Amino acid sequence: MLNKRLTKAFVETLTPDPAQALKGSDTLFWDAGLSGFGCKVTPKGSKSFIYQYRAPGGKARRLTIGSAAKISQDAARRLAEKAENAVRNGGDPMEEKKAERAADRLGVTIDAFLKACAGRVRRDQLAASTRDTYRRQLQHVKDDKLASVRSKDVTRRQIEALRDRLLDKPLPQKTDNPSRQKAKGTLSVDTVNNTLRALSAVYGWARRQEIVTANPAERLGQFNSTQVANYLTADELPRLGSVLLKYENDHPIGVAITRIALLTGMRKNEIVCLRWSEVDFDAGTIMKVEYKSRRTAKIKRRGKHAGGRVITITDQTRSILELAQGWRLQANDYVFPSQRQRSKANTRNDGTVIQLSKPPTGPYGGLKWFWDKVRIEAGIPHVRFHD
């Protein structure tokens with residue numbers, strides 16, 4: 001169409017060209033003062049300001065500045081002038097806009113949050129297990145279509161819809177081998193609750209970084225869940241003791257970890273990841289540096305032992321720890337070290353054991369298999385290790 005300066009009065013009079021509308025094409029009106037600046041009118045009459053230019057490679061590109069119903073022609077002209085300056089300096093406004101939008105996506109914000117968590121772990125401000133838990137929980141969000149939405153545009157209603165989708169999400173399978181896959185099912189209510197709480201933590205961090213101004217996930221991880229509290233009865237405890245006695249020689253580390261859990265009430269990962277540097281035989285204590293509960297947080301801030309939670313070593317616990325000294329490996333500080341060098345995973349098809357070049361440096365990794373075996377033999381299949 002003929003060039004004419006785009007004023008407010010002129011833009012209001014623009015209508016689609018009948019011939020162009022009949023073909024389903026947009027009608028373009030160009031500004032007489034700024035080259036490339038124009039107004040696009042769709043066949044249905046919607047108007048948008050545009051800026052057309054040639055990218056550094058010579059390709060013609062058309063940047064949509066905004067709807068005429070939401071932005072004035074003066075504001076659009078200023079944005080077009082800014083784009084023109086970028087082109088003159090060798091830039092590509094459309095690519096810059098795409099990159100800016102991509103940086104605002106929820107998935108990108110989650111990655112930035114996890115990167116910040118890794119930095120806090122290095123500064124001893126966050127437990128590594130907490131970072132790993134965040135990563136595992138937030139993967140459910142990154143796998144969802146909501147991850148492609150801009151963080152600041154996510155609404156509470158969209159997160160509620162995410163919650164419903166997660167409740168219907170099948171359990172992830174770590175292997176394609178049907179014989180080794182988990183039982184089919186969907187994510188539990190507790191898993192969804194924890195995922196929403198992790199997402200709320202992401203938004204809390206993003207708000208402090210001034211990426212967003214509100215937290216749409218706040219207090220959404222409050223689903224009612226079934227509280228499971230299993231306690232060993234007077235009949236079940238002796239049965240468990242008998243089974244543990246049976247496996248003392250074949251699986252001494254699994255037996256030792258289970259007995260320490262019964263004696264101290266420590267969490268599974270607290271025992272599995274226990275290091276000799278945290279054991280003080282002279283003081284008769286175990287000092288756990290990583291702590292979780294509010295009670296132990298108070299101990300860390302105000303208590304006599306400012307390093308973390310303190311567990312008393314009883315005579316029975318001491319005997320188990322003294323036994324564990326015989327399992328110590330070179331360059332491995334874990335009280336219950338990995339037994340990977342003796343596992344079936346390190347055997348060839350003909351049964352020949354593969355000798356590792358150096359002892360493993362990680363903690364014991366067979367507790368889940370061992371506990372599943374023990375609780376079935378003891379007739380307590382409903383009891384979890386945390387119980």
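Conventions we followed
Residues numbered from 1 in each chain as written. Predicted model: local features only at pLDDT ≥ 70, side-chain atom pairs only at ≥ 80, totals over all residues. Heavy atoms only, no water. Patch = residues over 30% accessible without salt bridge, like charges linked within 9 Å, V, L, I, M, F, W, Y side chains within 5 Å. Areas by Shrake-Rupley, 256 points an atom, 1.4 Å probe, with all protein chains shown as cover. Salt bridge = Lys/Arg side-chain N within 4 Å of Asp/Glu carboxyl O. Lys, Arg positive; Asp, Glu negative; His and termini not counted. Charge placed at Lys NZ, Arg CZ, Asp CG, Glu CD. Helix = DSSP H or I, 4+ residues; strand = E, 2+ residues; numbered from the N terminus. Phe/Tyr/Trp six-rings, centres within 6.5 Å; stacked < 30°, edge-to-face > 60°. Buried < 20%, exposed > 50% of the residue type's maximum accessible area, 1.4 Å probe, protein only. Arc of directions from axis to C-beta. Contact = heavy atoms within 4.5 Å. Pairing = 2+ DSSP bridges. Axes fitted to C-alpha atoms, helices over the stretch in contact; angles between N-to-C directions.

Draft legend 1. Up close: a positive patch on the surface. Residues Lys115, Arg120, Arg122, Arg123, Arg207 and Arg208 make up a contiguous surface patch of positive charge. Mapped by element, the contributors of at least two residues to the positive patch are helix H5 (106-122) and helix H8 (189-208). In terms of residues, the positive patch owes the most to one element, H5, which gives 3 residues. Within the secondary structure, Arg207 sits in helix H8.

Draft legend 2. Spatial organisation of the packing of aromatic side chains. Overall, the coordinates contain 8 aromatic pairs when judged by the stated rule. Ring centres of Trp327 and Phe336 lie 6.4 Å apart, and the angle between their planes is 45°; on these two criteria the pair is classed as tilted. Taken as a pair, Trp327 and Phe336 share a single burial class, namely buried. Pairwise contacts between aromatic rings join Phe113, Tyr134 and Trp205 into one cluster.

Draft legend 3. Representation of helix H13 (residues 315-324) within the structure. Along H13, the residues classified as buried are Thr317, Ile320, Leu321 and Ala324. Looking straight down H13, one finds that the buried residues subtend no more than 95° of arc, so they occupy a single side. More than 90 degrees from the buried face of H13, the exposed residues found are Asp315 and Leu323. Of the surrounding secondary structure, the elements contacted by the buried residues of H13 are helix H10 (252-264), strand S5 (279-280) and strand S6 (285-288).

Draft legend 4. The sheet that holds strand S2 (residues 37-41), seen in detail. Overall, antiparallel pairing links the 4 strands, which are arranged S1-S2-S3-S4 in an open sheet. Of all strands in the sheet, those with a lone pairing partner are strand S1 (27-30) and strand S4 (60-67), marking the two edges. Each neighbouring strand pair of the sheet contributes to a mean axis angle of 35°, computed without reference to strand direction. Both strand S3 (residues 47-54) and S4 contribute to a ladder of 7 bridges, which runs antiparallel. Looking across to S4, one finds that Tyr53 is bridged to Arg61. Along the sheet, helix H3 (residues 73-88) makes contact with S2, S3 and S4, crossing S3 at roughly 15°.

Draft legend 5. Layout of unusual backbone geometry. Here the phi dihedral of Asp124 falls at roughly 60°; this positive angle occurs in a residue that is not glycine. Relative to the assigned elements, Asp124 resides in the loop between H5 and helix H6 (128-142). Residue classification places Asp124 among the exposed positions, given a relative accessible area of 69%. A positive phi angle is found at Glu210, which is not glycine, with a value near 65°. Mapped onto the elements of the fold, Glu210 is located in the loop between H8 and helix H9 (236-246). Given a relative accessible area of 72%, Glu210 falls into the exposed group.

Draft legend 6. Focus on the sheet that holds S6. Spatially, the 3 strands line up as an open sheet ordered S5-S6-S7, and their pairing is antiparallel. Of all the strands in the sheet, the pair left with one neighbour each is S5 and strand S7 (309-312). Here 2 bridges tie S5 to S6, and the two strands are oriented antiparallel to one another. Across the sheet, Val279 pairs through a bridge with Ile286, a residue of S6.

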